[in-house]
Amino acid sequence: MWEWLEGLKGGAPAFVGAMTGSLLGLVSLVLGALFNAHLNRKRDDQIRRADKASVAAALGSELTSIRDSLVGNAERLEKDAKSDFFVPDISQSVRLLPELKAKIGLLDAEAI
């Protein structure tokens, strides 16, 4: 290969050198872009998993709060059956569910 390169005349050696350098640079850029894309996908997957866990925990606590409110109201009604009673408005205690509507798709079908 070196003999062939030394045997070239005129501007051919400069052209071959420039072409080789350009090819190495292009390969380096492509490999760097692919590695960067891999790192971005890995980071996005970690963020998605963290969001999934936080949405599940928030919805679980919200639904537990609603259940506790309804059970407490039913128990109070059983004790004081002869008097008037007030039913708490559940829509006023639901705060997280409207905010998490966009992220419900992160959960599995079983979790939903």
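Residue indices follow the written sequence of each chain, beginning from 1 at its first position. Selection of residues for local features in this predicted model requires a pLDDT of at least 70, selection of side-chain atom pairs for listing and counting requires 80 or more, and totals for whole chains, interfaces and linings are taken over all residues. Excluded from the side-chain calculations are hydrogens and water; all other atoms, namely the structure's heavy atoms, are used.

This part is about the overall build of the protein. Numbering of helices and strands runs from the N terminus, with a helix taken as a DSSP run of H or I at least four residues long and a strand as a DSSP run of E at least two residues long. Helices and strands together make up the secondary structure of the protein, namely four helices and zero strands. Along its sequence from the N terminus, the protein presents helices and strands in the succession α-α-α-α. In terms of overall size, the protein is more extended than a compact globule, its C-alpha atoms giving a radius of gyration of 33 Å where 112 residues would be expected to give roughly 13 Å. Each of the three principal axes of the protein carries a C-alpha extent, and together these read 110 × 20 × 15 Å. Residue exposure (1.4 Å probe, protein chains only): buried if accessible area is under 20% of the type maximum, exposed if over 50%, otherwise partly exposed. Burial analysis of the protein (112 residues in total) assigns 7% to the buried set. Based on C-alpha atoms, the radius of gyration is set beside the globule rule, defined as 2.2 Å times the residue count to the power 0.38.

Another aspect to go through is helix 2 (residues 12-79). Here helix 2 is 68 residues long and its end C-alpha atoms lie 100 Å apart, about the 100 Å a rise of 1.5 Å per residue gives. Listing the buried residues of helix 2 in full gives Val 55, Ala 58, Leu 59, Glu 62, Ile 66 and Asn 73. Its buried side turned inward, helix 2 meets helix 3 (90-93) and helix 4 (96-99). To estimate how far a helix should extend, the number of its residues minus one is multiplied by 1.5 Å. Only heavy atoms enter the contact rule, under which two residues are in contact if any of them lie within 4.5 Å.

This part covers the pattern of salt bridges. The working definition used for a salt bridge is a side-chain nitrogen of Lys or Arg within 4 Å of a carboxyl oxygen of Asp or Glu. Scanning the entire structure with this criterion turns up five salt bridges. Here Asp 45 makes a salt bridge to Arg 48, at a shortest N to O gap of 3.2 Å. In this pair, Asp 45 and Arg 48 both sit in helix 2, three residues apart, roughly one turn of the helix. The class of Asp 45 is partly exposed, set by a relative accessible area of 36%. Residue Arg 48 is classed as partly exposed on the basis of its relative accessible area, which comes to 43%. A salt bridge links Asp 68 to Arg 67; the nearest nitrogen and oxygen atoms lie 3.3 Å apart. The class of Arg 67 is partly exposed, set by a relative accessible area of 48%.

Moving on to the side chain of Glu 62. Along the polypeptide, Glu 62 turns up in helix 2. Each residue touching Glu 62, except ones within four places of it in the same chain, is listed here: Ser 93, Val 94, Arg 95, Leu 96 and Leu 97.

Patches here: salt-bridge-free residues with over 30% relative accessible area, like charges joined within 9 Å, nonpolar side chains (Val, Leu, Ile, Met, Phe, Trp, Tyr) joined within 5 Å. The protein chains shown are the only cover counted for residues, whose accessible areas, like all others here, come from Shrake-Rupley with a 1.4 Å probe. Among the surface-exposed residues, Leu 23, Leu 26, Val 27, Val 30, Leu 31 and Leu 34 lie close enough to one another that they form a single nonpolar patch of about 570 Å² accessible area. Tracing the sequence through the fold places Val 30 in helix 2. By relative accessible area, which is 42% here, Val 30 ends up partly exposed.

None of this, on its own, says anything about what the molecule does.
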